[in-house]
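# Residue-level structural notes
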Amino acid sequence: MQHAPNDLRLTSLGDGDGILITPRAANTPVTALHEAGLDELLADAGHLLIRGFAPSVEDFNALVQTYSSRTTLDPARVFHGDAAQKVDSGTDAIGLHVENGATPYAPDLLWFHCVKAASSGSQTTVCDGYRVWDALSERAKELFAGQPISYTRTVPAELWRRLAAFLAGDGRSPGEATVADLYAQANPGSKVEFTELADGSLHYSFQVFAAHPTKWSTRTAWANSLLGPSYNYESPQIRFADGSAIPEDITAEYAEVTERLTEEILWQDGDIVLIDNSRVMHGRRSITDTNRTILNSQSYARN
């Protein structure tokens, strides 16, 4: 574990590489995190739980901006400040996934801020893709290393145009955004095809490997959205790139392995969680107490 700045305490979190960051003194300001090298800690840990700083929503937004070259969004969510959006994904459990992993817009960094914790349930789940890849069978590894996964779905015009306008960032309204803007803002190297339909909706096909190197390492992580949600969107069709289905026994295998290696974040008011979105999948247990507020931000790391 890396050395902590003098005013911070680093503690192992869970059974993997995760790190809990707490202040050494009760009056340590949240601004101490701006100089703490959270990105360097994240490269080793995969995910960080930051507790005990009582940040405001404005503090959370400022922290995201400190470590980000730019932010992105989910066009189906509402903003809180410059970078944060409220998590609003129903009350059912949410399967493990990489944020925006079924699109060519997966961010490097995924942030959560617990403004008000639930009294029970709704734990955020995390699962380290390094550990999953190491635990999969050789047959599963050969299948997923052999070819990418294909995600296909149709997105309503209002949502894709809002995303395109935000990503372009040149002041145009969603109504002025075009499919060309989506291609221009896709993550480098993305293999995606967009087709605008007669009703203005957008059909797309996106290919990406389910297991791949991470943002900060050449080590292979099984990090994808094969088990992920589609709360605000049409569920994607998920197959191998050659059109073949993922074998049922392999699906059962990765579902079992990921659940076995999944850890839970038991939220407290004021917590912040930072996740390496290229390595660690996340999800949520079902919500039993809806009197909770979790904010989310998606961003790209500063190089």
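Residues numbered from 1 in each chain as written. Predicted model: local features only at pLDDT ≥ 70, side-chain atom pairs only at ≥ 80, totals over all residues. Heavy atoms only, no water.

## Some words on empty space enclosed by the protein
Considering all chains together, one arrives at two cavities of 30 Å³ or more under this definition. As a volume, the second largest cavity reaches approximately 80 Å³. As for the second largest cavity, its lining consists of 13 residues, of which Gly16, His47, Asp128, Arg131 and Glu263 are closest to the centre. Ranked by residue count, the leading element in the lining of the second largest cavity is strand 9 (residues 124–128), at three residues. Split by residue class, the lining of the second largest cavity holds six nonpolar, three polar and four charged. (1 Å grid on protein atoms, 1.4 Å probe; cavity = no way out; pocket = protein on both sides within 12 Å on 5 of 7 lines; lining within 4 Å. Points joined across faces, edges and corners; volume = space filled by probe spheres on them. Helix = DSSP H or I, 4+ residues; strand = E, 2+ residues; numbered from the N terminus. Nonpolar A, V, L, I, M, F, W, Y, C, P; charged D, E, K, R; others polar.)

## Side note on the pairing of strand 11 (residues 191–196)
Bridge count for strand 11 against strand 12 (residues 202–208) is six bridges, and the pairing is antiparallel. Opposite Lys191, over in strand 12, you have Gln207 as the bridge partner. (Pairing = 2+ DSSP bridges.)

## Some words on the pattern of salt bridges
The full count for this structure, using the stated rule, is 14 salt bridges. Between Arg131 and Glu263 there is a salt bridge whose closest N-O contact spans 3.5 Å. Here the residue Arg131 occupies a position in helix 3 (residues 129–135), and Glu263 occupies one in strand 16 (residues 263–265), the gap between them amounting to 132 residues. Ionic pairing is found between Arg260 and Glu256, a salt bridge with its closest N-O pair at 2.9 Å. (Salt bridge = Lys/Arg side-chain N within 4 Å of Asp/Glu carboxyl O.)

## Quick look at the sheet that holds strand 18 (residues 280–284)
The strand order across the open sheet formed by four strands is 7-18-9-16, and the pairing between neighbours is antiparallel. Where the open sheet ends on each side, the last strands, each with one partner, are strand 7 (94–97) and strand 16. Pairwise comparison of adjacent strand axes, ignoring direction, gives a mean angle of 25° for this sheet. Direction of pairing for strand 9 relative to strand 18: antiparallel, over a ladder of five bridges. Of the residues in strand 18, the one forming a bridge with Asp128 is Val280. Here helix 7 (residues 248–261) sits on the sheet and contacts strand 7, strand 9, strand 16 and strand 18; the angle it forms with strand 9, its principal contact strand, is near 110°. (Axes fitted to C-alpha atoms, helices over the stretch in contact; angles between N-to-C directions. Contact = heavy atoms within 4.5 Å.)

## Section: the sheet that holds strand 10 (residues 149–155)
With respect to topology, four strands assemble into an open sheet ordered 11-12-10-15, the strand pairing being antiparallel. A strand with exactly one partner marks an edge of an open sheet, and here the two such strands are strand 11 and strand 15 (237–240). Geometrically, the sheet is characterised by an average inter-axis angle of 15° between neighbouring strands, direction not taken into account. Contacts between helix 5 (residues 157–168) and the sheet are confined to strand 10, strand 11 and strand 12, with strand 10 contributing the most and set at about 110° to the helix.

## Focus: helix 5
Taking 1.5 Å per residue, twelve residues should reach 16 Å; helix 5 reaches 16 Å between its end C-alpha atoms and fits that length. Where helix 5 is concerned, the buried positions are Leu159, Trp160, Arg161, Leu163, Ala164, Ala165 and Leu167. Where helix 5 is buried, its residues touch strand 4 (68–72), strand 10, helix 6 (179–185), strand 11 and strand 12. Of the residues trailing helix 5, Gly169 is marked for its positive phi of about 60°. (Expected span 1.5 Å × (residues − 1). Buried < 20%, exposed > 50% of the residue type's maximum accessible area, 1.4 Å probe, protein only.)

## A closer look at the side chain of Lys141
Mapped onto the secondary structure, Lys141 falls in helix 4 (residues 138–146). Overall, Lys141 belongs to the buried group, its relative accessible area being 16%.

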